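Given next are the chains, with one letter for each unit.
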Amino acid sequence: MTALSRQWSKMEAVKMLLSLKNPKKMSLGSVLEKQARKNPTQAAILYEDRVISYREFNESANRYAHLFQQRGFKKGDVVALLMENRPEYLIAVAGLAKLGIIVSLVNTGVRGKVLSHAINICSAQAIIIGNELLPAFAEVRADVVFRNPGTVFVEDDGQSIEAKEVEDLNALLRDMPVTNPGTTAGITTDDTLVYIYTSGTTGYPKATASKHHNWFMLGYGSGGLGLMMTPGDILYNCLPLYHNSGINIAFSSFLVHGSTFALRRKFSARNFWNDIRKYRASHFIYIGELCRYLNNQPPQPDDRDSPLEYILGNGMRGDYWMDFKNRFGIKRIIEVYGATEGVARIINLKQIPGMMGGLNVIGTRIGEVVCYDIENEQIVCDSRGIPVKCQPGETGLLLCEINQRAKFAGYVNNPEATEAKIMRDVFKKGDQYFNSSDLVKLHPRDYVSFVDRLGDTFRWKGENVATNEVADILNQFGHIEDSNVYGVQVPGAEGRCGMVALKLQPDYQMDWQALAAFVLANLPVYARPYFVRLRDEIDATNSFKQVKTRLQQEGFDPDKITDPLYFLDPRCGEYVPLDKQIYQEIIDHQVAF
């Protein structure tokens, strides 16, 4: 594509973003129908060896819409979706969106009580399950409560379905009409599109509502302003579609611009560049950890021999930004920041390494960075009770303004958690701000860079991990007096890796093999405590609040810690004593986890 075409895309994006300040009769479904009319034979989705045109994409979505309409589903109803990345995921979301059905995007990595809780809190009337995840659902079926009719639909993934009391979705869809349903015209940007799950800072996963408005804002902001996408572009995605980055950034960016979406089920560092070349992908949505994996691969003679030129995402650290760009011949790296809850959208259009972007976007102020007392866990205020704003060079808490442009829909069926994130009358009477729980550093010209998560949440493998949630699950193992979960830094790795300080019940000798089996069965890979520290006493204040800061700072170095240390070694799948040799292997990146 010519530079002129990309600049035109950028200008159109600005125009659309400004128009979205007010509700519009526009939705995911209406955009899909428009693209199918304009370019019916153009490839919409590339997956493995399949090529799905815009006409086929739209007609397949219509089958979903007609099926669920015939079953009595209507606007505002909720259907849970538990499926790995593949075209049917996008088709299901698009088809149900045409009816105004809210799709609850369940994290495919959770299991056991966390999975049943995630399904239950969205109050779904049905669920669509990929056949590959049917065993995980079967384990918790007795604990799942649906609203009527409570139908379990299974997408067969090309395999036979071996389960009772489920309906074969593919067989039902086969005879459905392919015409556009009349309901699409009644869906607006103010309607809820999906529920996306976020760990938050405490408890089990919470579902946050995301509207069509948010989907368009990210599609035009990320895909237009950032990636400057045009119809001839191919966007590669290997991030999970239940993530904000997958559903609200990648999906919207390709669809609103009539581009092509190359989809992979799961990320593979070994196959990444082969996929990029196979699909001729020019664009890519990243998370920082993923880019670090790629950059840590041994250099190859053809590193720069690929069509990939434009990438956008969050978490690209400044220390390897330029190295990655130069090594792989990337033309444009756009770092963005945005809460899953849809409040803050910051974008680094000037491509300054290490920056999330500026606090001013298209003439609009996103929020403020205020001084924060980490020791006492409170915002620093002046004599009038107004938060003190940080000066360039200082680190503080990011507060994001809630307004007509940046709405906070809150957490589904959880008003207490919703209220806890809102700050009112912060700088002036009547204003509202969203507490991001993120510490950022303020730079000249109001640019900001990410520092760390605040409180009980840390990030690992691109996921937010709620320490209380992990502790609750560990305590179910039994024989544990206290589980203090926190994240520790591993040199050369993004985010923080899970660690737990355990205080065992008196006279109990830990069965390490049993603990490893329990952790592997009940916690997703990103939430597992890879490091365990046995404590003789509980680390807590007089008010019984767990103390984590000192433990985080001490890390997992056996030379500095006298407590017994153990490591969940992925090479054997068991907890083993963490001695100096294993510690050095971890530091030297000889162990991947």
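From a predicted model like this one, the values you see are computed outputs, not experimental measurements. (Residues numbered from 1 in each chain as written. Predicted model: local features only at pLDDT ≥ 70, side-chain atom pairs only at ≥ 80, totals over all residues. Heavy atoms only, no water.)

### Section: the overall build of the protein chain
Part 1 of the argument: Within the protein chain, the secondary structure is distributed over 17 helices and 32 strands.
Part 2 of the argument: Computed over its C-alpha atoms, the radius of gyration of the protein chain comes to 24 Å, within 12% of the 25 Å expected for a compact globule of 593 residues.
Part 3 of the argument: For the C-alpha atoms alone, the extent of the protein chain along its principal axes is close to 70 × 60 × 60 Å.
Part 4 of the argument: Relative to its 593 residues, the protein chain shows a buried fraction of 59%.
Part 5 of the argument: Sequence separation of 24 or more characterises 69% of the internal contacts of the protein chain that already satisfy a separation of 6 or more.
Part 6 of the argument: When the accessible surface of the protein chain is totalled, it reaches about 24500 Å², and 48% of it is carbon and sulfur.
Part 7 of the argument: If you average the places of the 66 positive and of the 68 negative side-chain charges in the protein chain, the two averages end up 9 Å apart. (Helix = DSSP H or I, 4+ residues; strand = E, 2+ residues; numbered from the N terminus. Rg over C-alpha atoms; globule rule 2.2 N^0.38 Å. Buried < 20%, exposed > 50% of the residue type's maximum accessible area, 1.4 Å probe, protein only. Contact = heavy atoms within 4.5 Å. Areas by Shrake-Rupley, 256 points an atom, 1.4 Å probe, with all protein chains shown as cover. Lys, Arg positive; Asp, Glu negative; His and termini not counted. Charge placed at Lys NZ, Arg CZ, Asp CG, Glu CD.)

### Some remarks on helix H1 (residues 3–19)
Part 1 of the argument: Given a rise of 1.5 Å per residue, 17 residues ought to cover 24 Å, and the 25 Å separating the end C-alpha atoms of H1 matches this to within 8%.
Part 2 of the argument: Regarding H1, the residues found buried are Arg6, Ser9, Ala13, Met16 and Leu17. Viewed end-on, H1 has its buried residues packed into an arc of 100°, placing them on one side of the element. Across from the buried face of H1, at angles greater than 90 degrees, the exposed residues are Leu4, Trp8, Met11 and Lys15.
Part 3 of the argument: Residues of H1 that are buried sit in contact with helix H8 (212–226), strand E12 (283–287) and strand E13 (310–314). (Expected span 1.5 Å × (residues − 1). Arc of directions from axis to C-beta.)

### Brief notes about the sheet that holds strand E3 (residues 78–82)
Part 1 of the argument: Taken in spatial order, the 7 strands of this open sheet run E7-E6-E5-E3-E4-E8-E9, and their pairing is mixed. The outermost strands of the open sheet, each flanked by one partner alone, are strand E7 (167–168) and strand E9 (206–211).
Part 2 of the argument: Relative to strand E6 (residues 151–155), strand E5 (residues 126–130) runs parallel, the two sharing 5 bridges. Looking across to E6, one finds that Gly130 is bridged to Glu155. (Pairing = 2+ DSSP bridges.)

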